[in-house]
Amino acid sequence: MIPVGITPAGAFILEDDDPDKFALDPERMPRVEDNGTRIVWPEAAGSSTLRVRRADGREEDLGRVDVVLPILHGPHGEDGTIQGFLDTVELPYAGGGVLDSALCMDKHFMKIALQAAGVPVAPWITLRAADWSGDRSAGAARIAERASGLELPWFVKPARAGSSVGVSKVDTVDELAEALDIAFAEDDKVLVEQGLHGREIEVGVLEGRGGKPARSSLPGEIVLTGRSFYDFEGKYLGGDGVDVVCPATMSDDDAAACREMALRAFDAVDGRGLARVDFFLTDAGPVVNELNTMPGFTPVSMFPKCWIATGMTYAELISELIDTALERG
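From a predicted model like this one, the values you see are computed outputs, not experimental measurements.

We now examine helix α5 (residues 176-184). Along α5, the residues classified as buried are L176, A177, A179, L180, A183 and F184. Looking straight down α5, one finds that the buried residues subtend no more than 160° of arc, so they occupy a single side. On the buried face of α5, the contacting elements are β6 (124-128), α4 (136-146), β7 (154-158), β8 (168-170) and β9 (189-194).

Here you go:
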């Protein structure tokens, strides 16, 4: 394995092969520090040799790349950007492609694609930065009027941030302005979405191999015991107030409905590789909240938990992603 890190400035460096260096810690989020090395990617399609340029200018071969595991979240990582780069230099990679990554990173267009395929989604409105410019009080009043057809609570979220970054729950209209400030600090496109009443269910999907259809995992459930919603800390840092349960306790009919809807959603966005499909299981059936084309793989993450509950080991899951990428070429 060749560990490649990306610094906050966007430099690709040769990292230490030390998972403990990047252990998630609520007190100090890990970051890639610039150590002076630079990864030299293949100069043209057809070459799969990776090189590193050391801080003193020396270059050396790191070896032939069989497949890239782009374990990245957020812009430039799961939005189709790095996927397009890897396509250009013809390096096989695991996970979503350009189209499904870009669609699912943008919650506005993801909802449009799902709606067009007949997949139910929560009602919403989409705002642009111009909607929040000028007088703050007047802007909040205008937006509240536009959102008046949505039942409270509302969830205000950046369209393209991911990982619940910048997301706020709005229980009263008086809380809207602060939530918009937080969301627009992350993105110039923001959704105001109607909150749904239902169980929070997640299903893993893996692309089929050898011409076979995609398959879905047993459903898992996010059980909130002390948080108002499943935020960043609950997702990645193992914070109190959240239990990640898999398999979820539900009827066979509900489990089948969620698994079938996950596959429909995956097809609707032209899914590749893998996805985690998140639902609200309402009295009327499952409603898709979002698809994540590169879900978390931490010990507290739902995606590996669901596949382990379905009968795979963690090692088999990683091997499946690699084999699918190699088969796709």
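A few words on the environment of Q115. As for its placement among the helices and strands, Q115 is situated in helix α3 (residues 107-116). Judged by its relative accessible area of 46%, Q115 is partly exposed. Those residues within four positions of Q115 in sequence are excluded, and the remaining contacts are V121 and W124.

Another aspect to go through is the domain arrangement of the protein chain. Domain annotation of the protein chain identifies domain 1 (4-94), domain 2 (100-118 + 197-328) and domain 3 (124-194). Computed over C-alpha atoms only, the centres of domain 2 and domain 3 are separated by 25 Å.

Picture the strands of a sheet paired through backbone hydrogen bonds; they go either parallel or antiparallel. Taken in spatial order, the four strands of this open sheet run β6-β9-β7-β8, and their pairing is antiparallel. Two strands in the sheet have a free side with no partner beyond their single neighbour: β6 and β8. Across the sheet, the axes of successive neighbouring strands diverge by a mean angle of 25°, strand direction being ignored. Pairing of β6 with β9 involves five bridges; the strand directions are antiparallel. Its bridge partner lying in β9, R128 is registered against K189. The sheet strands contacting α3 are β6, β7 and β9, and the helix crosses β9 at an angle near 50°. Set on the sheet, α5 makes contact with β6, β7, β8 and β9; between it and β7 the angle comes to about 25°.

A few words now on unusual backbone geometry. A cis amide bond, omega 5°, links L152 with the succeeding residue P153. Along the chain, P153 turns up in the loop between α4 and β7. Between C246 and P247 the backbone carries a cis peptide bond, its omega angle lying at 5°. Despite not being glycine, E90 shows a phi value in the positive range, around 60°. As for its placement among the helices and strands, E90 is situated in the loop between α1 (81-88) and α2 (98-105). Even without glycine at this site, D270 takes up a positive phi of about 60°.

With respect to the secondary-structure elements, E202 resides in strand β10 (residues 199-206). Its relative accessible area of 4% is what places E202 among the buried residues. Here the side chain of E202 touches R276 through a polar contact of 3.2 Å, side chain to side chain.

What counts and how
Residues numbered from 1 in each chain as written. Predicted model: local features only at pLDDT ≥ 70, side-chain atom pairs only at ≥ 80, totals over all residues. Heavy atoms only, no water. Buried < 20%, exposed > 50% of the residue type's maximum accessible area, 1.4 Å probe, protein only. Helix = DSSP H or I, 4+ residues; strand = E, 2+ residues; numbered from the N terminus. Arc of directions from axis to C-beta. Contact = heavy atoms within 4.5 Å. Domains from an automatic or database assignment. Pairing = 2+ DSSP bridges. Axes fitted to C-alpha atoms, helices over the stretch in contact; angles between N-to-C directions. Polar contact = N/O pair within 3.5 Å; in protein donor to acceptor, adjacent residues only side chain to side chain.

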